[in-house]
Amino acid sequence: MALTDNDFRNILTRTKTIALVGASANTSRPSHMVGQFLTDRGYRVIPVNPGLAGQVMFGETVVAELSDVVGPIDMVDIFRSSDAVPAIVDAALKLDGVQTIWMQLGVAHEEAAKKARAAGLDVVENHCPKIEIARLGL
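Okay, so let's go over this structure. Since we're looking at a predicted model, the values are computed, not measured. (Residues numbered from 1 in each chain as written. Predicted model: local features only at pLDDT ≥ 70, side-chain atom pairs only at ≥ 80, totals over all residues. Heavy atoms only, no water.)

### Brief notes about the sheet that holds strand 6 (residues 100-103)
1) Next: Ordered by their spatial adjacency, 5 strands build an open sheet running 2-1-5-6-7, and the pairing between neighbours is parallel. Each end of this open sheet is capped by a strand with a single partner; those strands are strand 2 (44-48) and strand 7 (122-124). If you compare each strand with its neighbour and ignore which way they point, the axes differ by 15 degrees on average.
2) Next: Here strand 1 (residues 17-21) pairs with strand 5 (residues 75-78) via 4 bridges, running parallel. Across the sheet, the residue bridging to valine 21 is isoleucine 78, located in strand 5.
3) Next: Strands in contact with helix 1 (residues 5-14) are strand 5, strand 6 and strand 7; relative to strand 6, the strand with the most contacts, it is inclined by about 110 degrees. (Pairing = 2+ DSSP bridges. Helix = DSSP H or I, 4+ residues; strand = E, 2+ residues; numbered from the N terminus. Axes fitted to C-alpha atoms, helices over the stretch in contact; angles between N-to-C directions. Contact = heavy atoms within 4.5 Å.)

### What to know about the environment of glutamate 65
1) Next: With respect to the helices and strands, the residue glutamate 65 is situated in the loop between strand 4 (60-61) and strand 5.
2) Next: Leaving out residues up to four positions away in the same chain, glutamate 65 has contacts with Val48 and Pro50.

### Quick look at the pattern of salt bridges
1) Next: One pass over the full model with this rule turns up 8 salt bridges.
2) Next: For arginine 14, the salt bridge identified is with aspartate 122, shortest N-O distance 2.5 Å. Pair noted here: arginine 14 is in helix 1 and aspartate 122 is in strand 7, with a separation of 108 residues, a long-range link.
3) Next: Residue classification places arginine 14 among the partly exposed positions, given a relative accessible area of 31%.
4) Next: Arginine 135 is the partner of glutamate 132 in a salt bridge, and the nearest nitrogen-oxygen pair spans 2.7 Å. Of this pair, glutamate 132 and arginine 135 both sit in helix 5 (residues 129-136), separated by 3 residues, roughly a single helical turn.
5) Next: On the basis of relative accessibility, which here comes to 5%, the residue glutamate 132 falls in the buried class.
6) Next: The class for arginine 135 is partly exposed, based on a relative accessible area of 44%.
7) Next: Each of Asp5, Glu132 and Arg135 takes part in one network of salt bridges that share partners. (Salt bridge = Lys/Arg side-chain N within 4 Å of Asp/Glu carboxyl O. Buried < 20%, exposed > 50% of the residue type's maximum accessible area, 1.4 Å probe, protein only.)

### Let's talk about helix 1
1) Next: If you check which residues of helix 1 are buried, you get Phe8, Ile11 and Leu12. Projected down its long axis, helix 1 shows its buried positions confined to an angular sector of 90 degrees, all on one face.
2) Next: Buried residues along helix 1 sit in contact with strand 5, strand 6, strand 7 and helix 5. (Arc of directions from axis to C-beta.)

### A look at unusual backbone geometry
1) Next: Positive phi is not limited to glycine here, since phenylalanine 58 has a value of about 60 degrees.
2) Next: For phenylalanine 58, a relative accessible area of 11% gives the class buried.

### Overview of the environment of alanine 2
1) Next: Considering the arrangement of structural elements, one finds alanine 2 in the segment before helix 1.
2) Next: Judged by relative accessible area, alanine 2 falls into the exposed class, the value being 73%.
3) Next: C-alpha separation for the pair alanine 2 and glutamate 125, spaced 123 residues apart in sequence, amounts to 9.4 Å.

### Re the side chain of aspartate 77
1) Next: Looking at the secondary structure, you find aspartate 77 in strand 5.
2) Next: The buried charged residue aspartate 77 lacks any salt bridge partner; its closest oppositely charged side chain belongs to lysine 130, at an N-O distance of 11 Å.
3) Next: If we skip the residues at most four places from it in the chain, aspartate 77 touches Ile18, Ala19, Leu20, Val21, Val34, Leu38, Trp102, Gln104 and Pro129. (Lys, Arg positive; Asp, Glu negative; His and termini not counted.)

Shown next, in the form of structure tokens:
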């Protein structure tokens, strides 16, 4: 399902809190660069990475799993391989407030996307919010 610029604009302007699954402490990794960009743009970015749990990144304590996130989140931004998406979507569907599943460039999973859409969530596949924010001038 192709999203329009208005769809991207609506998602990115209503979103305030993002769980970034697959966050990296390595500043040269795309997940770190995107997380920092989103933080600098005023989003609250909660990093999710079991290997870094307890550390601080983007001004937030890294959590091991989505289920460890305290409080509602608006978007789950996935920096993991496509085969990891179904379990992440299942975990996201158990959280309060999630409105969007966002899969980064090169990440897509048709069945997981269908499941998330059936639950009423917006789904973005194979896109980067940093690129879309810049392209739309947000």
